[in-house]
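# Coordinate analysis (summary)
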Amino acid sequence: MKWTIRILLTLILLLALPLLVAVAMGGWFVYQRLPLRSGVGHIDQLAATVQVRYDERGVPHIKAQNQFDLYRALGYVHAQDRLFQMEMVRRLGKGELAEILGPKLVETDTLFRTIGLRENARRMLAAADPQSASAQYLQAYVDGINQYQDTHKPPLEFTLMGIEPQPFTAEDVYVATNYLAYNFAAALRIEPVMTVLRDKLGTAYLRPFANEWNNQGVLQDPSAEGNASAKLQPRDWKGLMQLATLSQSAMDLARVPMLAGSNGWAVSGARTASGKPILAGDPHIGFAAPSVWYEAHLQAPDFEIYGHFAALMPWALLGHNQDFGWTLTMFQNDDMDLVAEKTNPDNRNQVWNQGQWVDLKQRTEAINVKGGETVQLTVRQSPHGPIISDSMGDKLGSDHKTPIALWWTNLATDNQSMEAFFALNRADTLAKARAAASKVGAPGVNIIWANASGDIGWWAAAKLPQRPAGVNPTFILDGGKGEADKPGYYAFSFNPQEENPRRGYIVSANQQPLSAVPVAGNYNEPDRARTLDKFLSNPATRWDSRTTQGLQLLNSTDYSKRVLGHLLPLMQTAITDKSQQEFVEPLLKWDGDFTRDSIAATLYTQMLYELSVAIFHDELDDDQFANLLRLRNFNSSLDNVLADPNSPWWDNVETKNKETAQDIVALAWSRTLAHLNKLYGSSLLEWTWGKSHLLTHGHPLGRKKPLDKIFDVGPFEMPGGNEVPNNMAFTLSPAPWRINYGPSTRRVIDFADASKAMGINPVGQSGVWLDKHYNDQADAYAAGMYQPMYLKDADITAHTDSILTLSP
C-alpha cells in the first residue's frame, strides 16, 4: 500500500513539475519588472545622493540637493511606474501604433501623421532656448527615463506586444504636449456633425442645437443669433462623419485617457472656516489603467511642488505646496477650424487663397505596420493647415470633391505652453501666475489659483484668434471666401479672467465665461456650473475640506428636473396602458439624484436614449446619429425638442403618417420598459442605477479577451452621471452604461495648512501589473474617499513605506 501511494505521489509530482516550473519562471519574469522602491539605485550624472521616500500609496517624495538631480530622479521613478504609458503616448502622438498593434491602427496613425504632431513638436523644440533652465531640466528628466529603461527589464507589455525599447528624447516630450493639446480640442468631433445638420436638414432642424457665443456667459441668461458659413454637399457628409468617428476612436483604441471636462473653484478666506483660501479641483478625463496622473512630491533647496504629472511631462499640470496651488479645467474655446478649400479645376493641388491660386505643400511619410506592408502616406497642406480629409483615404469615395483643411492654433502660432507650466510650477504670487497663464497658446485651459496670502485668481489661458465678422466656427468654414483667415490675435488682457473678485469665490466648470471679446467655443452645458455656483454663493456656508468634498461628490443638477418638467406631461397623456403607467411612479417622485440605489435614474436614462433614437435617428444615418450623441450640448438640445411640440424632429420621416410628440413618447416608453425588463427582469427593485452604471479602468491589452480579466480594473457600481458635479460620464446608449470619463483626481487644499490637503487616484500610482500599487486606490475612489497628500517632513517620515536611495 505504501509503495502504491509513493508511486502515485511520484507520478503526480512528475506531471505537476512542468507546471510548477512554468509558474516559478512566470513569477520570476514578473518580479524582475516590478518597481524598485527600496535599497540603492545608481543614476549617472547626479551631483549628489537623492532620497526617494515612498508613502503608503506609492507616491515618491523626492529630495535632492539641486533641481538637475531632482528632475533626473523624477524621470527615473516616473519611468519605473509608467514606462509603458509613456511609450503609448509617444507612439499615439507620432502615429506609430500600427507598428506594434497591426493594420487596425493604420487609420489612427494616418490621422496623427496628417495633423503633424511630430512635425510641430520639432518646430517647438527648435524654437526653445536650449540654455534655459526649463530646457536643461527637461533634458535631465528625459535622461532619467532613459537610464531606467537602459538598466532594467522592459515592461511586460513590451514583451507581449513585441516592442523594442527606443531612447526617449526631448522631442517625445513635445509630442506628448502636442497630443494633450489635440486631446483637449473637440472641433473634429463637433463641426462635421453641426455642418451635416445644417446642410442636410436645414435651419428648423438645427435650431435646438444652436450654441452661439454669448458675452454675458452662462451664469446669466443667454441669448443667441445665427450666422452662416461654408455649405457642403451630400458627397462630403460621409467622409466628415467618418473623420469625426475616427477622431474619437483614436483615443479609445489605444486606451490613452482623453481630456473631457472638469470642475474647479477657489474660495477666499472670507467664506471659509479657516479664514484662508480653499482650492478644489477634479479634472474630468477618460478612465484607464493606469490613470492619467502620476503623483510626486519634489523638494530641492530652492524649489518644492506636490504635483500631478502626465506621461512624459516633467512639469506638474496640477500642483500645490504650502504657499500656493492651482487646478485646471478645460476652457473649451474653439481653437480648431475645419476649412473647405476651393480647388483649381485645372490643378487639384492648388487652392484659392487671398485672391490667387496657391500650391499645396506636400511631404511623404512611411507607416510601419506589424504583420503588414509599409504604408506610404502623402500629406498635403494648404495655407490654412493640413488637408485632414486626406486621412480618410479611399473611404471618402471617388465622388469626394472638397478637400478639408485643419486650422489649429497649436500649429499656427508660437505655442509656449511648456514654458507656461514650468513658470506655473513656481508661481507663488498673482503676478507670476498671471504671467505664466499668458504664455499658454493651446490647448485652452482655465487656471484656477490660490495662495496662503489670501489671493485667488482665474485666467482663461489661450491664444484667442480674431475672426472675420459674421463667421461662425461651429460649422466648416469656406476657405475660398476668406472665412478661415485670422486678422490677428487678442492680447491676453482681453481673455476672460478674474483676480480676488468681490463675491469671494471663482467657479469654473467648462461653461461659457463672461468675456469682453467673442470667444467661440464648444462649451459644456451650464447646469453643472450653475449648480456649483448656487452652493458656493450661499453666504451662510463657511467652507472647509469636508463640505468641499461633499460638493465634489454631488450627484444632481436641475437638468433632470427640467427635462421631466417637459416630459412627464407628455407621458401622462401619451401612455394609456395601465401596466406601463405604474412604472412612471418612480419618475414622479424622483429628486434627480443619481445614487446607486435609484430606480428612477435608470428609467430616466434609458428613456432619454429611446427618445433620442425615436426623435433623431430616422433623419440621420448610423455614423451621424452616433456623433450627434457625443455633442457636448446634446442634452440641452434634446430638452429643447421636448419643450417644443412643433419641432420637425418629432415626425418620423420613414413613415407615411406625421407623428406627434405623444406618439414618439409612447413608443420610447414602451421600448424603455421592454429593454429593462429583458435586461433585469420584471422586478423594479433590480433596476438600480448602480447595477446599470459601471466603471472599468481599461488597460490597452484588455481590448483582447480574456486579457481584460487580467489587466482591467473593475467593474465598480458607481453613483453620479452625465454633467452632474460627480461627473461619471457615459455615451447615451442602451443600459447598462459604461462610464467613459470622470474625475481623474479630486483635490481639496485649505491654505490654512496645505499639508493637510486631500486627494485620490482612481486606480493606483503604478502601471505595472501585479505591483501592489497597480489598483490599490480603486475601491477607495469608487467609495468617494480621499487620501492625504503629505508635505511636511514629519508626516512623510511617519507614513514612509520604503526608501530608495539614488546615488551617483
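Up top is the structure.
Scope of this entry: the structure provided in the associated data block. All figures in this text were calculated on a predicted structure; none of them were measured in a lab.

Glancing now at the pattern of salt bridges. Counting across every chain of the model gives 33 salt bridges. One network of salt bridges, in which partners are shared, links E87, R90, R91, K94, E99 and D172.

The final tally for this structure, using the stated rule, is 30 aromatic pairs. Geometrically, the ring pair formed by F112 and Y182 is edge-to-face, given 5.0 Å between the ring centres and 75° between the ring planes. Of the two residues, F112 sits in helix α4 (residues 106-115) while Y182 sits in helix α8 (residues 170-184), which places them 70 residues apart along the sequence. For the residue pair F112 and Y182, the accessibility class agrees, reading buried in each case. On the basis of an interplanar angle of 75° and a centroid distance of 4.9 Å, the ring pair of W352 and W357 is categorised as edge-to-face. Here the aromatic cluster, defined as three or more aromatic residues joined through ring pairs, consists of F68, Y71, Y137, F303, W315 and F422.

A separate point is the sheet that holds strand β11 (residues 343-344). The strand order β11-β12-β13 describes an open sheet built from three strands, whose pairing is antiparallel. At either end of the open sheet lies a strand with only one pairing partner, and these are β11 and β13 (356-359).

Burial of strand β23 (residues 693-697) is one-sided: the residues H693, L695 and H697 facing one way are buried, the residues L694 and T696 facing the other way are not. Bridge count between β23 and strand β25 (residues 737-738): two bridges; the pairing is parallel. Looking at the pairing, L694 lines up with R738 of β25. Bridge analysis of β23 against strand β24 (residues 713-717) gives three bridges, and the strand direction is antiparallel. Note on β24: the bridge partner recorded for L695 is F716.

About the thresholds
Residues numbered from 1 in each chain as written. Predicted model: local features only at pLDDT ≥ 70, side-chain atom pairs only at ≥ 80, totals over all residues. Heavy atoms only, no water. Salt bridge = Lys/Arg side-chain N within 4 Å of Asp/Glu carboxyl O. Phe/Tyr/Trp six-rings, centres within 6.5 Å; stacked < 30°, edge-to-face > 60°. Helix = DSSP H or I, 4+ residues; strand = E, 2+ residues; numbered from the N terminus. Buried < 20%, exposed > 50% of the residue type's maximum accessible area, 1.4 Å probe, protein only. Pairing = 2+ DSSP bridges.

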